[in-house]
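# Commentary on secondary and tertiary structure
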Amino acid sequence: MDIQAYAKINLTLDVLDRRTDGYHIVKMIMQNISLYDNLSFSRGNSGIEITTNHPHLPTGPSNLVYKAAELLFNEFNLDGGLEIFIDKQIPVAAGLAGGSTNAAATLVAINKLWGLGLTKDQLATRGAQLGADIPFCIKGGTQLATGIGTQLKELPTCPKLYLVVVNPPLEVSTAQVYQNLTLDEVTKHPETTKVIKALEEKNKKMVINNLSNLLELTTFDLYQEVATLKDNVESLTNKALMSGSGPTVLGFVKNKSQAKAVQAKLQEELSSKHRILVAQTVNHGLLDS
Ligand SMILES: C[C@](O)(CO)[C@H](O)COP(=O)(O)OP(=O)(O)OC[C@H]1O[C@@H](n2ccc(N)nc2=O)[C@H](O)[C@@H]1O
Ligand SMILES: Nc1ncnc2c1ncn2[C@@H]1O[C@H](COP(=O)(O)OP(=O)(O)OP(=O)(O)O)[C@@H](O)[C@H]1O
């Protein structure tokens, strides 16, 4: 079976507290965008075999797909094996939940292929053991995420937003960003409540005006070039925002033609090592066929 696994962005990303185990209590609005990886799953004889078009993606036990498959194979003592091909289109370690959405697709695929009959909630509980973004990737759409990001509440569908996704040639570790965050120094938190109101009222302008990511400060401290990139994108768009823990920067624009014009301009200005893509918000996370 084939699954399209969509990337996510955070319309708001707030951090409220640090737990004693180092994890953080967050409040954020998560949103899928039209960028996706294609994953093909088939039952094999034995073991978990991953192949991919991406030259640097691990194919062994450190791939989140492997971990997701292993989790269900062990828990349900499944027979045979699983073969997976990952057609990677989402930039890696980019703040777009590429690994998480692949893991989510794997849980859904095994559930179907072995007829386990688990609900989305039951899959999300298992996904949360592997990564905080995975439950969202299973449910998809527009969700308010609280706790460590795994408690979800569905929000009204986001009005369609067009954006340019600018991924610089840099991999950022989410753990490093959270570790370097100094909550005492934060003076202004994102206005998540305002964005929820804007979603309820289908007020696109109010959504865009209140997009905000608390992790920007920390990632910008660690990587000055991401701050510079945000300034650059902001000068060409209505609003720029870092995605997740970075380093990808999103530029929000009025329509597809403006997105393409900004893409062309950035392709001229930035080195060819940047990936510059046009996307729009979508109201689903995984699509299977
Ligand atoms: C930045 C976001 O992507 C925004 O959606 C998420 O908050 C992080 O989600 P994720 O990458 O799926 O996170 P995980 O794979 O569970 O954790 C990676 C690392 O981020 C840190 N982490 C993650 C989530 C959280 N609420 N607090 C944290 O401090 C932990 O140090 C952890 O070791
Ligand atoms: N299937 C996968 N796809 C992408 N990365 C994977 C995968 N499996 C493991 N990884 C590893 O996970 C790390 C983070 O990659 P990923 O693309 O998930 O980051 P991210 O988009 O920043 O995630 P998040 O937004 O959830 O923090 C990379 O070092 C990558 O090698």
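Just so it is clear, the structure is predicted and the values come from calculations on it, not from any experiment.

Criteria and cut-off values
Residues numbered from 1 in each chain as written. Chains lettered and ligands numbered in written order. Predicted model: local features only at pLDDT ≥ 70, side-chain atom pairs only at ≥ 80, totals over all residues. Core = buried A, V, L, I, M, F, W, Y, C linked by C-beta atoms within 7 Å. Buried ≥ 20, exposed ≤ 12 C-beta atoms within 10 Å, placed from the backbone. Domains from an automatic or database assignment. Contact = placed C-beta atoms within 7 Å. Helix = DSSP H or I, 4+ residues; strand = E, 2+ residues; numbered from the N terminus. Expected span 1.5 Å × (residues − 1). UniProt positions renumbered as here; feature names shortened; annotations may be inferred. Nonpolar A, V, L, I, M, F, W, Y, C, P; charged D, E, K, R; others polar. Near = placed C-beta within 6 Å.

So, about the nonpolar core. The biggest cluster of nonpolar side chains holds 82 residues, and the ones touching the most others in it are Leu35, Val65, Ala104, Leu107, Val108, Leu163 and Val164. Each of domain 1 (2–155) and domain 2 (162–280) accounts for three or more of the residues forming this core. Setting aside residues no more than four positions away along its own chain, Leu35 makes contact with Tyr6, Ala7, Gln89, Ile90, Leu96, Val165, Leu277 and Ala279.

This paragraph deals with helix 2 (residues 98–113). Along its 16 residues, helix 2 runs 22 Å from first to last C-alpha, staying within 8% of the 22 Å computed at 1.5 Å per residue. Across the 16 residues that make up helix 2, a large majority, 13, are buried.

Take the UniProt feature "binding site: ATP" (unreviewed entry) in the protein next. Here the UniProt-annotated "binding site: ATP" (unreviewed entry) positions come out as Pro91, Val92, Ala93, Ala94, Gly95, Leu96, Ala97, Gly98, Gly99, Ser100 and Thr101. Mapped onto the elements of the fold, Pro91 is located in the loop between strand 4 (81–87) and helix 2. Residue classification places Pro91 among the buried residues on the basis of 23 C-beta atoms within 10 Å. If we ignore the near neighbours within four places in the chain, the residues touching Pro91 are Leu96, Gly98, Asn167, Thr248 and Arg275.

This next bit is on the domain arrangement of the protein. How big an interface is tends to be stated in terms of the accessible area lost upon association of its parts. Under the domain assignment, the protein is made up of domain 1 (2–155) and domain 2 (162–280). Computed over C-alpha atoms, the centres of domain 1 and domain 2 are 22 Å apart. With 24 residues of domain 1 at the contact, the number on the domain 2 side is 32 residues. Listed by contribution, the elements that provide at least two residues to the side of domain 1 that touches domain 2 are strand 1 (2–18), strand 2 (24–44) and strand 5 (142–146). Broken down by element, the side of domain 1 that touches domain 2 gets its largest block of residues, eight residues, from strand 1. Across the side of domain 1 that touches domain 2, the residue classes tally to 15 nonpolar, six polar and three charged.

Not every one of the 21 residues close to ligand 2 is listed here, only the nearest: Ala97, Gly98, Gly99, Asn102 and Thr174. Broken down by secondary-structure element, the contributors of at least two residues to the shell around ligand 2 are helix 1 (64–76) and helix 2. Among the elements that take part in the shell around ligand 2, helix 2 stands out by supplying four residues, more than any other. Viewed by domain, the shell around ligand 2 spans two of them, domain 1 (2–155) and domain 2 (162–280), each represented by three or more residues.

Taken together, 18 residues lie around ligand 1, and His24, Gly131, Ala132, Asp133 and Tyr178 are the ones closest in. Secondary-structure elements contributing two or more residues to the shell around ligand 1 are strand 1, strand 2 and helix 5 (174–180). Looking at which element gives the most residues to the shell around ligand 1, the answer is helix 5, with three residues. Partitioning the shell around ligand 1 into residue classes produces eight nonpolar, nine polar and one charged. The two domains that each donate at least three residues to the shell around ligand 1 are domain 1 (2–155) and domain 2 (162–280).

The subject of this paragraph is the environment of Cys158. Structurally, Cys158 is set in the loop between strand 6 (151–154) and strand 7 (162–167). For Cys158 and Ala264, which are 106 residues apart along the polypeptide, the C-alpha to C-alpha distance reads 26 Å.

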